[in-house]
Amino acid sequence: MLQSNTSYPSEYNSEVRNSTDALYANVANIIPEVEWPFHAPLIHEINKLKKERNIAILAHNYQTPEIFHCVADVVGDSLKLAYASKEVDAETIILAGVHFMAESAKLISPEKKILIPDMRAGCSLAESITAADIRLLKQKYPGVPVVTYVNTSAEVKSETDVCVTSGNALHIVESLNVPRIIFLPDEYLAKNIAKQTNVEVIYWHGKCEVHERFTPEEILSYKEQHEGLVVIAHPECSPEVVDVCDFTGSTANMSDYVKEKQPQKVLMVTECSMSDNVSVANKNVEFIRPCNLCGHMKRVTLKKIYDSIIYNQHEVTVDPQYADKARLSIERMLEIGRN
Ligand code: 13P
Ligand code: SF4
């Protein structure tokens, strides 16, 4: 049952200040000072409770800065969060991200309790395909391996040979040593991978509702307005967008690119919180910030994380009918990655 707490920690007293001042110093360039007294009491309480209750918070790169920088134990892209769910020493994981990420964590670490702060945090890619669709594709292309993006449900994964993330897709596709694959469900990611390999890629028509909105015209116009602008994009963008960008990679790859190259001005063609989060450790880089919000990611808030801890909600489980097969497809991915 959905529980909601009516009284949240709200007193910005000296104890809260002492435990959160250093955190604020880190994020002062992205969280206005007037907002901090609203976040700080929750941050203080969440950080205290998670230690007492042996809980780890894993946050995706698209989470807001007060989550990403102030309460998360591990932050990263889908791939890093998948590895972390196995490695982290905690009985309970709160996945500050979307449902498929929490489901992947449950598949990889069935012995841990996996909570998601809002069950409705979905993903347009995960919703674009069903297990029945894959069975039909397998009938149409018998014997062709099915490679599935992790942005899918566990049931879809159970029909899959191997999973990929945007961080390892090319490597995994090439490691299969086959002439042809079915790549699901992201059409743009599939086409962006196809441009980099000789493997023939049969794709589905799923799209990310955030990245499909960017256009090459928009990117070119920013390039015109800002001399020397470096543009880096997530591969869920269309191939036409990727063609006019300087670099493409997973959210972690994008973040690493900025850290290593220290461009004077950068535009991250992805979800809005990325630039905020990456700017914290890259104070000399100017971020030009057109972006699109992921409404699913933004369902997760500090208040809902607090409720997750207090009420032990919302537990993510996987139907045993397809858990074993789905787990295998993720474990194959992690294994290829390790090798
Ligand atoms: P990453 O694995 O690159 O973090 O991507 C996940 C995602 O949902 C991007 O939209
Ligand atoms: Fe899904 Fe796109 Fe949101 Fe990522 S940004 S969770 S792919 S809808």
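Residues numbered from 1 in each chain as written. Chains lettered and ligands numbered in written order. Predicted model: local features only at pLDDT ≥ 70, side-chain atom pairs only at ≥ 80, totals over all residues. Heavy atoms only, no water.

Engineer: Honestly, the sheet that holds strand 6 (residues 162-164) in this entry has me stumped. Any pointers?
Structural biologist: In any sheet, the strands associate via hydrogen bonds between backbone groups, in a parallel or an antiparallel arrangement. Taken together, four strands build an open sheet; the order of strands is 6-5-7-8 and the sheet is parallel. Of all strands in the sheet, those with a lone pairing partner are strand 6 and strand 8 (200-203), marking the two edges. Neighbouring strand axes in the sheet, compared pairwise and without regard to direction, differ in orientation by 30° on average. In terms of strand pairing, strand 5 (residues 146-149) meets strand 6 through three bridges, oriented parallel. Across the sheet, residue Tyr-149 finds its bridge partner in strand 6, namely Val-164. (Pairing = 2+ DSSP bridges. Helix = DSSP H or I, 4+ residues; strand = E, 2+ residues; numbered from the N terminus. Axes fitted to C-alpha atoms, helices over the stretch in contact; angles between N-to-C directions.)

Engineer: How should the layout of surface pockets be read in this particular structure?
Structural biologist: Leftover empty space is mapped by rolling, across the atoms, a probe with the size of a water molecule. Considering only enclosed or pocket space, the largest pocket measures out at about 250 Å³ in volume. Taken together, 16 residues form the lining of the largest pocket, with Asn-61, Phe-68, Val-75, Ser-255 and Val-278 sitting closest to its centre. Of all the elements in the fold, those that place two or more residues in the lining of the largest pocket are strand 2 (74-76), helix 12 (251-261) and helix 13 (272-279). The element best represented in the lining of the largest pocket is helix 12, accounting for four residues. Across the lining of the largest pocket, the residue classes break down as seven nonpolar, six polar and three charged. Approximately 180 Å³ is the volume found for the second largest pocket. Forming the boundary of the second largest pocket are 17 residues, of which Ser-166, Ile-193, Gln-196, Pro-235 and Thr-248 lie nearest the centre. Partitioned by chemical class, the residues of the lining of the second largest pocket number six nonpolar, 10 polar and one charged. (1 Å grid on protein atoms, 1.4 Å probe; cavity = no way out; pocket = protein on both sides within 12 Å on 5 of 7 lines; lining within 4 Å. Points joined across faces, edges and corners; volume = space filled by probe spheres on them. Nonpolar A, V, L, I, M, F, W, Y, C, P; charged D, E, K, R; others polar.)

Engineer: Looking at this model, I keep getting lost on the pattern of salt bridges. Mind explaining?
Structural biologist: Any two side chains of opposite charge can pair if their charged atoms end up close together. For the structure on display, the rule yields 14 salt bridges. Residue Glu-187 pairs with Lys-207 through a salt bridge whose shortest N-O separation is 3.3 Å. Linking Glu-187 in helix 9 (residues 187-194) with Lys-207 in the loop between strand 8 and helix 10 (216-225), this pair joins segments that are 20 residues apart in sequence. Note on Glu-187: relative accessible area 12%, which makes it buried. Its salt-bridge partner being Asp-276, residue Arg-289 comes within 2.3 Å of it at the nearest N-O pair. Here Arg-289, found in the loop between strand 12 (286-288) and helix 14 (302-311), pairs with Asp-276, found in helix 13; they are 13 residues apart in sequence, far enough to count as distant. Residues joined in a network through salt bridges with shared partners are Asp-118, Arg-120 and Lys-304. (Salt bridge = Lys/Arg side-chain N within 4 Å of Asp/Glu carboxyl O. Buried < 20%, exposed > 50% of the residue type's maximum accessible area, 1.4 Å probe, protein only.)

Engineer: How should the state of the cysteines be read in this particular structure?
Structural biologist: Disulfide: a covalent bond formed between the sulfur atoms of two cysteine residues. For the structure on display, the rule yields one disulfide. Between the sulfur atoms of Cys-272 and its disulfide partner Cys-291 the distance amounts to 2.1 Å. Here the disulfide of Cys-272 and Cys-291 is right-handed, its torsion about the S-S bond being about 95°. Of this pair, Cys-272 sits in helix 13 while Cys-291 sits in the loop between strand 12 and helix 14, and the two are 19 residues apart along the sequence. Cys-272 sits in the buried class, given a relative accessible area of 18%. In this structure Cys-237 is a free cysteine whose sulfur lies 6.6 Å from that of Cys-245, the closest cysteine sulfur available. (Disulfide = S-S within 2.5 Å.)

Engineer: In this structure, what is going on with the side chain of Ser-104? I would like to understand it.
Structural biologist: Counting through the fold element by element, Ser-104 comes out in helix 5 (residues 99-108). Residue Ser-104 is classed as buried on the basis of its relative accessible area, which comes to 7%. With residues up to four places along the chain from it excluded, the contact list for Ser-104 reads Lys-157 and Ile-330. (Contact = heavy atoms within 4.5 Å.)

Engineer: Is there a simple way to think about unusual backbone geometry in this case?
Structural biologist: With glycine set apart, most residues show a phi of negative sign, and most peptide bonds adopt trans. In this structure, Pro-185 follows Leu-184 across a cis peptide bond, with omega equal to -15°. As for its position among the elements, Pro-185 is in the loop between strand 7 (180-184) and helix 9. Residue His-314 follows Gln-313 across a cis peptide bond; omega there is -5°. Residue placement: His-314 occurs in the loop between helix 14 and helix 15 (320-338). Residue Asn-54 is not a glycine yet carries a positive backbone phi of 55°.

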